[in-house]
Amino acid sequence: MEHPNYISPAGFARLRAEYEQLLGEERPRIVDVVSWAAGNGDRSENGDYIYGRKRLREIDRRLGWLAKRMKAAQVIDPAAQPDRTRVYFGATVAIADEDDAQRTLTLVGDDETDAAAGRIGWSAPIARALRGARVGDVRRVRLPVGERDYEVLAIGYPEA
């Protein structure tokens, strides 16, 4: 990876929970279905066998991806941020564009993004532009629709 996989403790817990659910519950259940279907004879037209094997491949691929992401993860607790005057990982930032349209964003790990909730990935263009900014700073962001300037109005971090 060219950059660290920063993630919050809650985000890492979600990755681990998904991994454990797939490995401990769903995969063994599908293995049982495939074993039962294989014992029924002809596998070429056995839907349970064919789709069970397909689902096993999907689960194994997802388990591999999750294992890789968890291994590369650097868990950072935003509540432990010593310098709360600048935008760093985990910051909740209120910004305004040139048209005074305001929005609030939280910089989270790339595996935790949820644009509808205002949670943007650490490596997103706007997050990269806001890194290190202070209240009052204006940052230019290159977006697909063109460049936009954003002013930082407020910075907040969760309490410990």
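Definitions and limits used
Residues numbered from 1 in each chain as written. Predicted model: local features only at pLDDT ≥ 70, side-chain atom pairs only at ≥ 80, totals over all residues. Heavy atoms only, no water. Helix = DSSP H or I, 4+ residues; strand = E, 2+ residues; numbered from the N terminus. Buried < 20%, exposed > 50% of the residue type's maximum accessible area, 1.4 Å probe, protein only. Patch = residues over 30% accessible without salt bridge, like charges linked within 9 Å, V, L, I, M, F, W, Y side chains within 5 Å. Areas by Shrake-Rupley, 256 points an atom, 1.4 Å probe, with all protein chains shown as cover. Salt bridge = Lys/Arg side-chain N within 4 Å of Asp/Glu carboxyl O. Lys, Arg positive; Asp, Glu negative; His and termini not counted. Charge placed at Lys NZ, Arg CZ, Asp CG, Glu CD. Phe/Tyr/Trp six-rings, centres within 6.5 Å; stacked < 30°, edge-to-face > 60°. Lys NZ or Arg CZ within 6 Å of the ring centre and 35° of its normal.

> Help me out: how do you make sense of unusual backbone geometry in this one?
Glycine aside, the phi torsion of most residues is negative, and most peptide linkages are trans. In the Ramachandran plot, Asp100 falls in the positive-phi region, its phi being about 65° despite a non-glycine side chain. Checked against the element boundaries, Asp100 lands in the loop between strand E3 (92-96) and strand E4 (102-108). A relative accessible area of 61% places Asp100 in the exposed class.

> What is the right way to look at a positive patch on the surface in this model?
Judged by side-chain charge, Arg43, Arg53, Arg57 and Arg61 come together as a positively charged surface patch. Assignment of secondary structure puts Arg57 in helix H2 (residues 47-72). On the accessibility criterion, Arg57 (46% relative accessible area) is partly exposed.

> Mind showing me how you'd approach the packing of aromatic side chains here?
What characterises a pair of aromatic rings is the spacing of the ring centres plus the angle enclosed by the ring planes. Applying the stated criterion across every chain yields a total of three aromatic pairs. Arranged with centres 6.0 Å apart and planes meeting at 55°, the rings of Tyr6 and Phe89 form a pair that is tilted. Residue Tyr6 is located in strand E1 (residues 5-7), and its partner Phe89 is located in the loop between strand E2 (73-75) and E3; the two are separated by 83 residues in the primary sequence. The interplanar angle of 80° and the centroid separation of 5.8 Å between the aromatic rings of Tyr6 and Trp122 together place this pair among those described as edge-to-face. In this pair, Tyr6 is assigned in strand E1 and Trp122 in the loop between strand E5 (119-121) and helix H3 (125-130), connecting sequence segments 116 residues apart. The ring of Trp122 has Arg131 sitting right over it, with the charged end atom 4.2 Å from the ring centre.

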